[in-house]
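# Chains, contacts and geometry: an overview
If you want the building blocks of each chain, they are given just below.
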Amino acid sequence: MEVSAEAKRIMVVALGKLYSSRTQRGGLRLHRSLLLTLVMKSARDIYHAAQTTTAEGMEEDCEDQQPSEVEMTTETSGTPELQGPASLPLMATDAYVQRRTQNQENTCLSGPPHHTRKRRGKATAEPDFLPCKKAKLEYGTAQQLIVTSVLVDYANCSSELGPSPNPIPLQTVIAAC
Amino acid sequence: MAGPGGDMQWCFSQVKGAIDDDVAEEIVSANCKSAEMLRHHTPFWASGTPTSTKAPHCNLVAHCVSAPVGNKGPSECAWTSDIISTVEFNHTGELLATGDKGGRVVIFQQEVENKNLPQFRSEYNVYSTFQSHEPEFDYLKSLEIEEKINKIRWLPQKNAAQFLLSTNDKTIKLWKISERDKRPEGYNLKEEDGRYRDRNSITALRVPVLIPMDLMVEASPRRVFANAHTYHINSVSVNSDYETYLSADDLRINLWNLEITDRSFNIVDIKPANMEELTEVITAAEFHPHQCNTFVYSSSKGTIRLCDMRISALCDKHSKLFEEPENPSNRSFFSEIISSISDVKFSHNGRYVMTRDYLSVKIWDLNMENRPVETYQVHEYLRSKLCSLYENDCIFDKFECCWNGNDSVVMTGSYNNFFRMFDRGQRRDATLEASRENSKPLQVLKPRKVCTGGKRKKDEISVDSLDFNKKILHTAWHPQDNIIAVATINNLYIFQDKVN
């Protein structure tokens, strides 16, 4: 789906920019990092919404979906443009880093873009764009998001990054300020 | 604004800077650590003889600018140290200061002899050049502190000397620029070259006299305001009381006394207790031009807050919040980025505030908080290109804006070396270009037009042909006259209105 592919590309680019900003002279720019994170969050939410749409299309089962999701579904399927629906529940007050640690994202982002419409059981059972308990950012227990595959993806698109970077915990990248 | 009926037209006056062919085209990778240090490099664009005693130096790290959107042009490189980062007229307009990425400040002075000749009154020549900031290293955080001058603000003149504040990411400095055109001669104990005279040869006393000498302009740092900002300083603003000034970084605003360097008062702090809850940062701040208790600051969320320092010591609670609800039909992935305000400027009369976000300029009446009174689209044709502009980083460009002396016209920059003027009274706007092709003396600038779709007319330029590496981020308008200074990446253009 076009929206889904676009959203994924935006996320990949944002991650690449966040990563390369670590080596920038003058240190991490808080404003820029914040904007990139907000874009990534928007894209991620729309990506998951699009994935849910695909899954729903296959399953024809909306029983345990909340009304807001259905609203999103109808709106995303209707708009070919890059315009997220206004009713998308963006968590303005939520931690903008917390969900990086969740595994669902990892499974969605890594690997080649899936052409199959295979339903990811985890994603639909527990959609992560709905309000959930805050994940505590304890370094001992937080999962490391392996971004290597994502960044390799980005590196293939642009020559800015050199050899594949080592996996780094994303919260370190962003919350370093 | 071109047109019949006596509308203002703009003429080229001067350009400072290297011709593009002269700029080195060595492509050095941005991550290359083996960059040489080139000492004593005078900025290309400070034509004329710099008169400062210390020769500036720069980092010879050329960086690659990514290919412009839609263009197959080659990557261009420039001396990064020559990139102009700020432009500011002083209060009389006689002096024009520029700061660059190499930490240098170059001051141009209006040619005195031409002041009464209308068509030549905008001739500016180099007055002083000095190295304001040097690269530093924060050992605690293992961070390099860039020497790039983020802002220059002039102090009103009180005596023969001129004062300005210049700031990089972390440190603000107060510079005194003074002229010396006489020197003492005829000391009793010393020769002219400083050697001591033979005691036996001194038979009479004489009084040293001051004799004229070639004008020398000296810049000396009088105050250094350091260690008050954890985040990157984006604004400096001198108060109308001429005793205090504010400096703003991403999360805090500090109030300083111009005389005191070891103390500052924190007046705004938006840092959340948990940094993961951060949703907005401060992007610009400015004092009211007449009310010394009032200032505004803009945020990355597109809001402007007006604060009154009389209410409490910590101005976390705003007195007014200026915010326009978002148009839902314009919502996109990049809505947050393009609504971030990059510049905020009070009008000279203090009644309005102008803000610049990525695509528009908005003018707010201080008495109305719920929407701007005027909105001007700078380059609306870019709205459909936001994804490409995001990928090539242009969407993060911070454009500035400025008022003319009587607040009737506002100006801001765009891409392809275009800059835009909006006449508020006549509801007219113009797109002009700063380019070497239009740089014959007193040549009138032809208005430009961007073709947004459909058939491209002659003389129009299509959106895909725009060069996104050529951007005008910094512009300044003479406070009392129709003379403007427009900075491209590494050239400074000066234009004046056409004299009939």
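As the structure is a computational prediction, the values presented were derived from the model and not from experiment.

## Regarding the overall build of chain A
Within chain A, the regular secondary structure consists of 7 helices and 0 strands. Moving toward the C terminus, one meets the helices and strands of chain A in the order α-α-α-α-α-α-α. Out of the 177 residues belonging to chain A, those deemed buried represent 49%. Residue pairs at least 24 apart in sequence account for 75% of intrachain contacts in chain A once pairs closer than 6 positions are excluded. Put simply, chain A shows about 8800 Å² of open surface, and 53% of that area lies on carbon and sulfur atoms.

## Digging into helix α1 (residues 2-20) of chain A
Taking 1.5 Å as the rise per residue, α1 of chain A with 19 residues should run 27 Å; its terminal C-alpha atoms sit 27 Å apart, in good agreement. Burial analysis of α1 of chain A places 14 of its 19 residues in the buried class, the great majority of the element.

## So, the confidence of the model for chain A
Residue and element names in this part refer to chain A. On average, residues of chain A score 56 in pLDDT, and 32% of them are at 70 or above. Segment residues 61-116: pLDDT under 50, and 113 contacts once partners within four positions in sequence are set aside and those in other chains are kept. Overall, residues 118-177 carries pLDDT values under 50, and its contacts beyond four positions in sequence, including any with other chains, amount to 106 contacts.

## Focus: the nonpolar core
Formed by 39 residues in total, the largest nonpolar core has its most connected members in Phe-334, Tyr-358, Leu-382, Tyr-390 and Ile-395 of chain B. Listed by contribution, the elements that provide at least two residues to this core are α1 and α2 (30-59) of chain A together with α1 (335-339) and α2 (386-391) of chain B. Of the residues forming this core, the biggest block, 8 residues, is contributed by α1 of chain A. Not counting the four nearest positions on each side in its chain, Tyr-358 of chain B is found in contact with Ile-338, Ser-340, His-379, Leu-382, Leu-386, Leu-389, Cys-394, Ile-395, Asp-397, Phe-399 and Tyr-415 of chain B. In terms of nonpolar packing, the next biggest core, distinct from the first, is built from 17 residues, Phe-12, Val-15, Phe-419 and Tyr-493 of chain B among them.

## A look at the sheet that holds strand β30 (residues 418-423) of chain B
All names here are of chain B. Strand order in the open sheet formed by 4 strands is β28-β29-β30-β31, with antiparallel pairing between adjacent strands. Across the chains shown, the open sheet's two edge strands, defined by having one partner strand only, are β28 (401-403) and β31 (428-433). Strand-to-strand twist in this sheet, taken as the mean axis angle between neighbours without regard to direction, amounts to 20 degrees. Sheet analysis places strand β29 (residues 409-413) next to β30, joined by 5 bridges and oriented antiparallel. Counterpart to Val-409 in the pairing with β30 is Asp-423.

## What about the packing of aromatic side chains?
In the structure shown here, the tally under the stated rule is 20 aromatic pairs over all chains. Arranged with centres 6.2 Å apart and planes meeting at 65 degrees, the rings of Phe-333 of chain B and Phe-334 of chain B form a pair that is edge-to-face. As far as the burial class goes, Phe-333 of chain B and Phe-334 of chain B line up, both buried. Aromatic pair Tyr-358 of chain B and Phe-399 of chain B: ring centres 6.3 Å apart, planes at 50 degrees, arrangement tilted. Taken as a pair, Tyr-358 of chain B in the loop between β25 (352-356) and β26 (360-365) and Phe-399 of chain B in the loop between α2 and β28 lie far apart in primary sequence, 41 residues in all. For Tyr-358 of chain B, a relative accessible area of 2% puts it in the buried group. Here Phe-399 of chain B falls in the buried class, since its relative accessible area comes to 1%. Aromatic ring contacts, followed pair by pair, group Phe-12, Phe-419, Tyr-493 and Phe-495 of chain B into a single cluster. Sitting above the plane of the Tyr-390 of chain B ring, Lys-17 of chain A keeps its charged end 5.7 Å from the centroid. Geometry around Phe-396 of chain B places Arg-32 of chain A over its ring, the cationic atom sitting 4.8 Å from the centre.

## What to know about the environment of Asn-159 of chain B
Residues and elements named next belong to chain B. You can see Asn-159 is positioned in the loop between β12 (151-154) and β13 (162-167). Overall, the relative accessible area of 45% leaves Asn-159 in the partly exposed class. Within the local environment of Asn-159, its side chain forms a polar contact with the backbone nitrogen of Ala-161, the two atoms lying 3.0 Å apart.

## Regarding the pattern of salt bridges
All names here are of chain B. Under the definition given, this model contains 35 salt bridges over all chains. Across the pair Glu-218 and Arg-180 runs a salt bridge whose closest N-O atoms are separated by 3.2 Å. Here Glu-218, found in strand β15 (residues 209-225), pairs with Arg-180, found in strand β14 (residues 172-185); they are 38 residues apart in sequence, far enough to count as distant. For Arg-180, a relative accessible area of 38% corresponds to the partly exposed category.

## Side note on the pairing of β25 of chain B
Residue and element names in this part refer to chain B. With 5 of 5 residues buried, β25 lies mostly within the body of the structure. As paired elements, strand β24 (residues 343-346) and β25 share 4 bridges and run antiparallel to each other. Along β25, the bridge assignment pairs Asp-343 with Arg-356. Adjacent in sequence and paired antiparallel, β24 and β25 are bridged by 5 residues, among which Gly-350 carries a positive phi angle near 80 degrees.

## Describing unusual backbone geometry
One non-glycine residue, Ser-142 of chain B, adopts positive backbone phi at about 50 degrees. For Ser-142 of chain B, the position within the fold is in the loop between β10 (136-138) and β11 (143-145).

## Focus on the state of the cysteines
Counted according to the given criterion, the structure contains 0 disulfides over all chains. Cys-402 of chain B takes part in no disulfide bond, and the closest cysteine sulfur, belonging to Cys-401 of chain B, lies 7.2 Å away.

## Details of the environment of Ser-339 of chain B
Residues and elements named next belong to chain B. You can see Ser-339 is positioned in helix α1. Residue class for Ser-339 comes out partly exposed when judged on its relative accessible area of 27%. For Ser-339 and Ser-299, which are 40 residues apart along the polypeptide, the C-alpha to C-alpha distance reads 9.3 Å. Those residues in contact with Ser-339 that lie beyond four places of it in its chain are Ser-300, Lys-301, Gly-302 and Asp-357.

So, how was this worked out
Within any chain, residue numbers begin from 1 and follow the written order of that chain's sequence. Whichever chain is written first is A, and whichever ligand is written first is 1; the rest continue in order. Totals for whole chains, interfaces and linings use all residues, but because this is a predicted model, local features are given only for residues with pLDDT of at least 70 and pairs of side-chain atoms are given and counted only at 80 or more. Water and hydrogen atoms play no part in the side-chain values, which are based on all heavy atoms of the structure. Strands are runs of DSSP state E lasting at least two residues, helices are runs of H or I lasting at least four, and both sets are numbered from the N terminus onward. Partly exposed residues are those whose accessible area sits between 20% and 50% of the maximum for their type, while under 20% is buried and over 50% is exposed, using a 1.4 Å probe and protein chains only. Contacts are residue-level and defined by heavy atoms, with any inter-residue pair within 4.5 Å sufficient. To be clear on the numbers: accessible area is Shrake-Rupley with a 1.4 Å probe, and residue cover counts the displayed protein chains and nothing else. In this scheme, a helix's expected span is set at 1.5 Å multiplied by one less than its residue total. Per residue, pLDDT measures the predictor's confidence, with a range of 0 to 100. Definition of nonpolar core: a set of buried residues of the types Ala, Val, Leu, Ile, Met, Phe, Trp, Tyr and Cys, connected through side-chain atoms within 4.5 Å. Strand pairing is assigned whenever DSSP identifies at least 2 bridges connecting the two strands. Axis angles are defined between N-to-C directions and span 0 to 180 degrees, where every axis is a line fitted to C-alpha atoms and, for a helix, only to the segment in contact. Each Phe, Tyr or Trp ring, with Trp reduced to its six-membered ring, pairs with another whose centre is within 6.5 Å; inter-plane angles below 30 degrees give stacked pairs, above 60 give edge-to-face pairs, and intermediate values give tilted ones. A ring is considered to have a charge above it if a Lys NZ or an Arg CZ atom is located within 6 Å of its centre and within 35 degrees of its normal. In protein, a polar contact means a hydrogen-donor-capable atom and an acceptor-capable atom, both N or O and within 3.5 Å, with residues adjacent in sequence counting only if both atoms are side-chain atoms; elsewhere, any N or O pair within 3.5 Å suffices. In what follows, salt bridge is the name for a side-chain nitrogen of Lys or Arg lying within 4 Å of a carboxyl oxygen of Asp or Glu. Defined by distance alone, a disulfide is two cysteine sulfur atoms within 2.5 Å.

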